[in-house]
Amino acid sequence: MTFWLRPAFALRVVSRFQRLVGFDRSMALASSALTAGIPLALLVASVVVQLGQEDLATRLINRYGLTGGGAEAVRSLFSFAEGPGVSLGVGGTVFLIISSLSLARAAQRLFEQTWELPPLSVRNTLNGLRWLAGLVAYAAVGGWLYATLGEARFGLLAAACEVPLTAVFLVWGGWTLCARRQAWRDLVPFGVVGAVASSAYSVVAAVYLPHLFSSYATRFGPVGAVFAMIAALFGVMVVLVASSALGREVHDELGRIARGNRPPDDEVRQEWAAVVAQAQERWVTAREELARRRSRRNGRGR
């Protein structure tokens, strides 16, 4: 752990995240996911309800234990005014296709920039469609896991079982969106890191999201549910982008180790010794400054 958490490696990960413009890219991904996700979720929910399953609003309420204003906002947002058999129409279908492909291209740009690949843009549309189909299948299987195993506290069992599923999807998704220009083995560190981090985030979300939905719904009504969703999606995308940066650096580090370029143990110890020395120096300086302020305050008091 002292090797993987050493200052030099951590700085490379932070630098990679900054080169990806991490927070801006996370917001762009979250916005695209929300724009494509709501109509797609309504379309899938309409089909599911006709098959005799619970509607989407009920599933979300049960998944996160929503009550009060949060539950009402979700019902208002994901209810069908004319019944669940309503179609999207021509305009809605075109919007769904464009927004879904926009999400796929946003995810594609993340992988291209992480691995420094030339952009393909719309030339990679077919792979984007494959990724979208995989995303729907992944969401369906993940939803089934939480519906079946989510009764445990905070969905811990479902989150644990979802880790290998998420790892496979992330590796396959990155490989597909890169148009197979990057070997899938290179994406394994990203898949593992992203799967563990996203499962941990889902546990945290199970605790925090009910409060977030209820708070926003109380202030803004049904629109508050949209605000809560974009906040939750932003957190997911920050995890995804950070995992992409970390996965790339782990892959590069493993490559250096395989080539025999691993830093010697004394260098790792020296890095940590320098960090500890700086922390101690700052602590001593802070204590001295605090003592001087107390002395001046006592002198004025007299």
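Let me begin by describing the structure that accompanies this report. (Residues numbered from 1 in each chain as written. Predicted model: local features only at pLDDT ≥ 70, side-chain atom pairs only at ≥ 80, totals over all residues. Heavy atoms only, no water.)

1. Observations concerning the environment of Arg 180
Move 1: One can find Arg 180 in the loop between α7 (156-177) and α8 (188-220).
Move 2: Measuring from C-alpha to C-alpha, the distance between Arg 180 and Asn 127 comes to 9.5 Å, with 53 residues separating the pair along the chain.
Move 3: The contacts of Arg 180, once residues within four sequence positions are left out, are Asn 127, Arg 130 and Trp 175. (Helix = DSSP H or I, 4+ residues; strand = E, 2+ residues; numbered from the N terminus. Contact = heavy atoms within 4.5 Å.)

2. With respect to the packing of aromatic side chains
Move 1: In total, this model carries 8 aromatic pairs according to the counting rule given.
Move 2: Plain terms: the ring middles of Phe 3 and Trp 4 are 5.2 Å apart, the flat faces sit at 85° to each other, and that makes the pair edge-to-face.
Move 3: Residue Phe 3 is classed as buried on the basis of its relative accessible area of 8%.
Move 4: Positioned above the aromatic ring of Phe 3, the side-chain terminus of Arg 6 is 4.3 Å from the ring centre.
Move 5: Of note, Arg 262 hangs over the ring of Phe 3, and the distance from its end group to the ring centre comes to 4.5 Å. (Phe/Tyr/Trp six-rings, centres within 6.5 Å; stacked < 30°, edge-to-face > 60°. Buried < 20%, exposed > 50% of the residue type's maximum accessible area, 1.4 Å probe, protein only. Lys NZ or Arg CZ within 6 Å of the ring centre and 35° of its normal.)

3. A word on α7
Move 1: With 22 residues, α7 ought to run about 32 Å at 1.5 Å a step, and its terminal C-alpha atoms sit 30 Å apart, in line with that.
Move 2: The largest bend along α7 reaches roughly 35° and is located at Val 163, with the proline Pro 164 sitting one to four residues downstream.
Move 3: Regarding α7, the residues found buried are Ala 158, Ala 159, Glu 162, Thr 166, Ala 167, Phe 169, Leu 170, Val 171, Gly 173, Gly 174, Thr 176 and Leu 177. (Expected span 1.5 Å × (residues − 1). Bend = angle between axes of the 7 residues up to and from the residue.)

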